[in-house]
Protein chains: 4
Amino acid sequence: MIRVAILGATGYTALELIQILLRHPEAEITALTSRQEGNPPISSIHPQLTARIDMPLESLSYDEVADRADCVFSCLPHGASAEAVAPLLAAGCKVIDFSADYRLDTLEVFEQWYGAGHPDANRLGTVVYGLPELFREKIRGAQLVANPGCYPTSANLALVPLLVAGLIDSRGIVIDSKSGVSGAGRTPKLATLYPECNESISAYNVGQHRHTPEIDQTLSAFSSKPVEVIFTPHLTPMTRGILSTAYSYPQGDVSETQLMDQLREFYSGQPCVRVVEHLPATRHCSGTPFCDITARRVRDRVVTISCLDNLLKGASSMAVQNFNLMYDLPEAMAL
Amino acid sequence: MIRVAILGATGYTALELIQILLRHPEAEITALTSRQEGNPPISSIHPQLTARIDMPLESLSYDEVADRADCVFSCLPHGASAEAVAPLLAAGCKVIDFSADYRLDTLEVFEQWYGAGHPDANRLGTVVYGLPELFREKIRGAQLVANPGCYPTSANLALVPLLVAGLIDSRGIVIDSKSGVSGAGRTPKLATLYPECNESISAYNVGQHRHTPEIDQTLSAFSSKPVEVIFTPHLTPMTRGILSTAYSYPQGDVSETQLMDQLREFYSGQPCVRVVEHLPATRHCSGTPFCDITARRVRDRVVTISCLDNLLKGASSMAVQNFNLMYDLPEAMAL
Amino acid sequence: MIRVAILGATGYTALELIQILLRHPEAEITALTSRQEGNPPISSIHPQLTARIDMPLESLSYDEVADRADCVFSCLPHGASAEAVAPLLAAGCKVIDFSADYRLDTLEVFEQWYGAGHPDANRLGTVVYGLPELFREKIRGAQLVANPGCYPTSANLALVPLLVAGLIDSRGIVIDSKSGVSGAGRTPKLATLYPECNESISAYNVGQHRHTPEIDQTLSAFSSKPVEVIFTPHLTPMTRGILSTAYSYPQGDVSETQLMDQLREFYSGQPCVRVVEHLPATRHCSGTPFCDITARRVRDRVVTISCLDNLLKGASSMAVQNFNLMYDLPEAMAL
Amino acid sequence: MIRVAILGATGYTALELIQILLRHPEAEITALTSRQEGNPPISSIHPQLTARIDMPLESLSYDEVADRADCVFSCLPHGASAEAVAPLLAAGCKVIDFSADYRLDTLEVFEQWYGAGHPDANRLGTVVYGLPELFREKIRGAQLVANPGCYPTSANLALVPLLVAGLIDSRGIVIDSKSGVSGAGRTPKLATLYPECNESISAYNVGQHRHTPEIDQTLSAFSSKPVEVIFTPHLTPMTRGILSTAYSYPQGDVSETQLMDQLREFYSGQPCVRVVEHLPATRHCSGTPFCDITARRVRDRVVTISCLDNLLKGASSMAVQNFNLMYDLPEAMAL
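Computed from a predicted model, the values in this text were never measured in an experiment.

Procedures and definitions
Residues numbered from 1 in each chain as written. Chains lettered and ligands numbered in written order. Predicted model: local features only at pLDDT ≥ 70, side-chain atom pairs only at ≥ 80, totals over all residues. Heavy atoms only, no water. Pairing = 2+ DSSP bridges. Helix = DSSP H or I, 4+ residues; strand = E, 2+ residues; numbered from the N terminus. Contact = heavy atoms within 4.5 Å. Axes fitted to C-alpha atoms, helices over the stretch in contact; angles between N-to-C directions. Buried area = accessible area lost by both parts, 1.4 Å probe. Nonpolar A, V, L, I, M, F, W, Y, C, P; charged D, E, K, R; others polar. Salt bridge = Lys/Arg side-chain N within 4 Å of Asp/Glu carboxyl O. Polar contact = N/O pair within 3.5 Å; in protein donor to acceptor, adjacent residues only side chain to side chain. Domains from an automatic or database assignment. Least-squares fit on C-alpha atoms with pLDDT ≥ 70 in both. Buried < 20%, exposed > 50% of the residue type's maximum accessible area, 1.4 Å probe, protein only. Left-handed = near helix turned anticlockwise from the far one by under 90°. Core = buried A, V, L, I, M, F, W, Y, C linked by side-chain atoms within 4.5 Å.

### Describing the sheet that holds strand S1 (residues 2–7) of chain B
Residues and elements named next belong to chain B. Pairing is parallel in the open sheet, where 6 strands are placed in the order S2-S1-S3-S4-S6-S5. Of all the strands in the sheet, the pair left with one neighbour each is strand S2 (27–33) and strand S5 (128–129). Summarising the sheet, S1 and strand S3 (residues 71–74) pair through 4 bridges and their orientation is parallel. Across the sheet, the residue bridging to Ile6 is Phe73, located in S3. On the sheet, helix H12 (residues 316–326) packs against S1, S2, S3, strand S4 (94–97) and strand S6 (144–146) and is oriented at approximately 160 degrees with respect to S4.

Below, the structure written as structure tokens:
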């Protein structure tokens, strides 16, 4: 049994993570941390867990966490996460980090998008980016994995196979993404209040969303030229799900069949991506570990459509996919 | 032109009120107050109002408000509202109070449900309860009107005509109400975050909701015996609307026809209540000043179903209905 | 491996059933039937199932079904279901019937609520009602189980323990239920079109809903006197979930603690009911096999609140709970 | 008083149209048509209208309509609409057509997107396209106006001012639109059933949506070169609203300020477009006659965001805007 701790267990991704780990035959949750006072039971925060797990939220030192756990999932916010990760790695834990702290390769880009001050900057550039479909072998040997962002996962899984095969141009890519509200987290804010979100869709952080450099970085790694995407996220009146509609230019005379064949071949045998003929809806992936992808030729353009559950393939099921790889378990175990 | 001020103009009921007053031929908004810093334009808080009203939110003294306005709508929270109302009345303003401060007749009941300390307790028992369908004549002459709560309005409008005609027993009344989330206000809270409310219904404040004594008081006023209702509110995944399903015992051998006839007669000629044959849905009243009501006989019981838009007939359109009565204007003007 | 067939596999309950059976270690789906032309793959109807099951929808004779399956889940509509069930039982299959055909004990009551003509009326009165928490032992030995309705399950699980212990009166029970729209099925109808349901709640079939006699029958079985409930269903703007708020009179001087203790004791050790201190929300049970129940004393009344996922504990997970019992497997296997 | 008839009065746009006309001081509804049997009152189809209009749905001949009405709003489906419009024009009525029948200038393009067979093809190319912000003067003199599609209105209002001023390139335009479900009409279909749409977003008709040539045609009219857009509509879980995010290339070195200045100047004094600094949400326009527009520079691209209520500025309030212009009334009367 692999002993597992979750840092910052009060949010929506932690709730999903706990539910997956409860049915995981090789993992045992041994610690849940939070700054909540009085060590309340986790089920008082997430009533869904009543009668399924009887464990308190604790405020633990890094040593205490390292004593109790072989592997740590950090659901802490960026900045706070890197502060926790460094000592845990030093103590020998494996770590899967949900925050953005280790996703970007350079401090310069990190500071441009997240502001000054990274508590563990030296490690940047050496951390494995935990997108299993692209970096499976590196993940297997990693002690620390940076779990990707939800938007980048939906976009990168659709575009990398086409870029890598030279079917689309690396210039001129537009990614128009629509996300459910759970992506904004569980901290009360006016913008995510029910009457503000319901019966309404809007773009936000246009040209400024922090997932932009993460998409650029991954697409660039699979292209001969640096990629700079136009990325627009939209807040959609639903709890879960991301749908990304991406527009790119074909390289030469590329047919829809070629696009679909390449996607199918690229993901052949991969357990968590489904290349589909139909136009996917987020509902099809909700509650599942899948990313559904399709491609169309429209006039002079390639349109790819990909969707996933932002809390699962966009966060927690992907984290467990990484965990499974790190411990040499079947990749889709418990997903 | 009647000069009108709105206190506490940042909430959902104030937004609706502003929109009604903007189309009111006899009212002119002359002040909007709030504790926001820097006198931001109201349209920066409610973008719906862009290009429709160009007025700042100001932090004004009661004297300044009284100087600018003939009539004041107070959308302040309970406690704060009574503090503002007393000096405005002294300065000669008419006041329509959205808070609960003046709805209950006795300090004892107020303190039992709202806690100790009413800033203007002496006035309790003398204030007109602003439910036009029941207290129209008193409202006409009033300087201060207590605008009713949204739940009580939906319940009282269905039950009073049947009680008053002796068609139902005053004992054993159960009111099961379902409300949209806007009723909980615009202050960010975990309970009204989108992912907490969406795809979920739940009861809240069971046996403890503060609208209970307000329903008891009005029903008792129209019954020979004191009424104590069982009232259960439910948070429903929609922005607007209240539906109240009320269960009562018939007095003797009462038919569905008798129930409907009495409702029709009671509301004959009244502009904001529709007695309907079909089972009403909150959608039918959304955006309108109507309360829709129907009644059924089921086994040994009477079931009434009533619905309204909690922000309109449950708050702001009723406030303007009261305003119209107080200024001898057609009751439904601008609604 | 137990070979399993699903009749009428295109609806929402069948989709949930398939997903549960796909992870069931002792069941293997061997046939999916429907009247669809051309034997389309099930994933073309339910894209959620893409890459998870590769099986056509077939139009099979009862003999063909009986050849392929040991156990048959019938998701056919009432009337059609009994027509299929009779020959399958004769051929030796075990059957779990989702329809209402075998839930009521007498033809008289069936015809009163469902209209004349039951194709297998002689069997009425001999069929086990598949509510495991109440009829576990009978289910173990049954060849045919009538899977209960969603509303009755939510109401009966809350009320039976209190009735049986004499804590509440069998007279005067009111059940006010709120259901998500998936309960109305997958056949396109104006009433369940998105714009008709969204942002709206309404009561329907007041005093006439066919689940009424099913609730009466079960409560009566656990009471010394025949029970006739007042039952009002409401269509709620959510896909899944039922919340039932039930109002009853205490027998004598009953405290909230007594109510909760009785519920806890009654469900002690039962895997699919959670007696909870907090007020449950349908969201807590969504995607789970649980029914959450709590009770309150309010003035002269007992208020119980129970909720469940109408497609799971209200249909498909309960069907598999019955399946597990019928085959002597752990009751919560795969749930 | 202008006598007004509405053909096909059972849909969502007709409901909105009726509500606007009921408050219009110069219009009187004199006929509502539909193929419904038995001349039911309109309020039996749209319960929202109870007590507000007492008029039957009738199956009338064109002569009867022309006798009763000066102006006819046709909410009939394409094909059927042109069949009705031709005789009404011949009888001297003014007509505002909600269908696509007269929006396109050539039979060739019509047949390419809508299939063979236009019942009144000779008129194509002579009909005024009823987008008041672009064709105000032509509308004033028109007997027949083709009321624009909802998607084209949201896209064209954002892009035309920038194209006309040479601020953006006519090549390479991508329009990613998100629409509420009411846009799909009131006829029951699986795709628009509540459980199919709720908690889900999806693209549909990718590369094939019939509004594509309508956008092409209008943008081409304001550009020196023919425009061919990439247009992707998405079905969004909300009843009302369209948000269009459009991506285009700037012509030369264009700043965000230049973009916004041009939008502001173009719409200066226009009553139904608001150029806004903030990122608009469909909620801001819901229930209003406004289209809200903003523009941003992002990397090498121009991003415009525009939104409106698909049933109002995307259909019925725009129709009344056209009506007002055709009858020389204030453009925003009753909106």
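Structure shown, so let's carry the discussion forward.
### Description of the interface of chain A and chain D
On the chain D side, the residues contacting the 47 residues of chain A number 47 residues. Summed over both sides, the interface between chain A and chain D buries roughly 3600 Å², with carbon and sulfur atoms accounting for 58% of that surface. Looking at the side of chain A facing chain D, the largest losses of area belong to A:Glu199, A:Ile201 and A:Arg299, adding up to 20% of the total buried there. The dominant element in the side of chain A that touches chain D, judged by the number of residues it contributes, is strand S8 (residues 174–179) of chain A, at 4 residues. Taken together, the residues of the side of chain A that touches chain D sort by class into 22 nonpolar, 13 polar and 12 charged.

### Remarks on the interface of chain A and chain C
By a widespread convention, an interface's size corresponds to the accessible area lost as its parts come together. Taken residue by residue, the interface counts 15 residues in chain A and 15 residues in chain C. Buried area between chain A and chain C, summed over both chains or domains, comes out near 1200 Å², and the portion from carbon and sulfur atoms is 57%. Together, A:Pro47, A:Gln48 and A:Arg274 form the three largest contributors to the area buried by chain A at its contact with chain C, with a combined 35%. Taken together, the connections running from chain A to chain C amount to 0 salt bridges. Linking chain A to chain C there are 6 residue pairs in polar contact (both at pLDDT 80 or more). Tallied by class, residues from the side of chain A that touches chain C come to 5 nonpolar, 6 polar and 4 charged.

### Let's talk about the domain arrangement of chain A
All names here are of chain A. Domain parsing of chain A yields domain 1 (2–126) and domain 2 (150–310). A straight line from the C-alpha centre of domain 1 to that of domain 2 covers 26 Å. Listed per partner, the contact involves 13 residues of domain 1 and 13 residues of domain 2. Surface buried jointly by domain 1 and domain 2 totals about 1200 Å² across both partners, of which 51% is contributed by carbon and sulfur atoms. Of all residues in domain 1, the largest losses of buried area upon contact with domain 2 belong to Tyr12, Arg103 and Trp113, amounting jointly to 52% of the total for that side. Across the contact surface, domain 1 and domain 2 share 2 salt bridges. We note a salt bridge from Arg103 to Glu214, for which the minimum N-O separation is 3.1 Å. Linking domain 1 with domain 2 are 8 residue pairs in polar contact (both at pLDDT 80 or more), by the criterion used here. Contributions of two or more residues to the side of domain 1 that touches domain 2 are made by helix H1 (12–22) and helix H5 (107–114). Broken down by element, the side of domain 1 that touches domain 2 gets its largest block of residues, 3 residues, from H5.

### Notes on the relation of the copies chain A and chain C
Both copies of the chain are related through a single rotation about an axis accompanied by a shift along the same axis. Laying chain A over chain C is done by rotating through 180 degrees and shifting 0.0 Å along the axis; what remains is an RMSD of 0.0 Å. Here the symmetry operator amounts to a two-fold rotation axis. In this assembly the copies share their binding face: 100% of the residues contributing to the interface of chain A also contribute to that of chain C.

### Description of the side chain of A:Ser34
All names here are of chain A. Relative to the helices and strands, Ser34 resides in the loop between strand S2 (27–33) and helix H2 (42–45). For Ser34, a relative accessible area of 11% gives the class buried. Within the structure, Ser34 has its side chain in polar contact with the backbone nitrogen of Gln36 (distance 2.8 Å). Not counting residues up to four positions away in its chain, the partners in contact with Ser34 are Thr10, Leu57, Glu58 and Ser59.

### So, the sheet that holds strand S13 (residues 291–298) of chain D
Two orientations exist for strands paired in a sheet by backbone hydrogen bonds: parallel and antiparallel. Strand order across the open sheet formed by 7 strands is S9-S10-S8-S11-S14-S13-S12 (chain D), with mixed pairing between neighbours. Each of the sheet's edge strands pairs with one partner strand only, and the pair in question is strand S9 (202–203) and strand S12 (273–275) of chain D.

### What about the relation of the copies chain A and chain D?
Aligned on chain D, chain A shows an RMSD of 0.0 Å; the corresponding rotation is 180 degrees and the shift along the axis is 0.0 Å. When the interface residues of chain A are mapped onto chain D, 100% of them again lie at the interface, so the same face is used by both copies.

### Observations regarding the packing of helix H6 (residues 132–140) of chain D against helix H12 (residues 316–326) of chain D
Residues and elements named next belong to chain D. Packing of H6 against H12 brings their axes to within 9 Å, and their N-to-C directions diverge by 35 degrees. Taken as a pair, H6 and H12 cross one another with a handedness that is right-handed. Where H6 abuts H12, its residues Pro132, Glu133, Arg136, Ile139 and Arg140 lie against Met318, Gln321, Asn322, Leu325 and Met326. In the contact of H6 with H12, the residues fall into 5 nonpolar, 2 polar and 3 charged.

### Section: the pairing of strand S10 (residues 230–235) of chain C
Residues and elements named next belong to chain C. Counting buried positions along S10 yields 6 of 6 residues, so the element is predominantly enclosed. The alternating pattern of S10 places Ile230, Thr232 and His234 on one face and Phe231, Pro233 and Leu235 on the opposite face, and all of these are buried. Here strand S8 (residues 174–179) pairs with S10 via 6 bridges, running parallel. Residue pairing for S10: Val174 is matched across the bridge by Ile230. Examined bridge by bridge, strand S9 (residues 202–203) and S10 share 2 bridges and lie antiparallel to one another. The residue bridging Ser202 from the neighbouring strand is Leu235, located in S10.

### Here's the deal with helix H1 (residues 12–22) of chain B
Counting buried positions along H1(B) gives 9 out of 11 residues, so the element sits mostly inside the fold. Those residues of H1(B) that sit buried are B:Tyr12, B:Ala14, B:Leu15, B:Glu16, B:Leu17, B:Ile18, B:Gln19, B:Ile20 and B:Leu21. Elements that come into contact with the buried residues of H1(B) comprise helix H8 (194–197) of chain A together with S1, S2, helix H2 (42–45), S3 and H12 of chain B.

### Here's the deal with the nonpolar core
Core analysis: the biggest nonpolar cluster contains 76 residues, and A:Ile6, A:Leu21, A:Leu32, A:Phe73, A:Ile175, A:Leu219 and A:Phe323 have the highest contact counts within it. With 9 residues, helix H7 (residues 150–164) of chain A is the largest single contributor of residues to this core. When residues of this core are assigned to domains, at least three fall in each of domain 1 (2–126) and domain 2 (150–310) of chain A. When near neighbours in sequence (up to four residues on either side) are disregarded, A:Ile175 contacts A:Ala155, A:Leu159, A:Ile215, A:Val229, A:Ile230, A:Phe231, A:Thr232, A:Ser244, A:Thr245, A:Ala246 and D:Tyr247.

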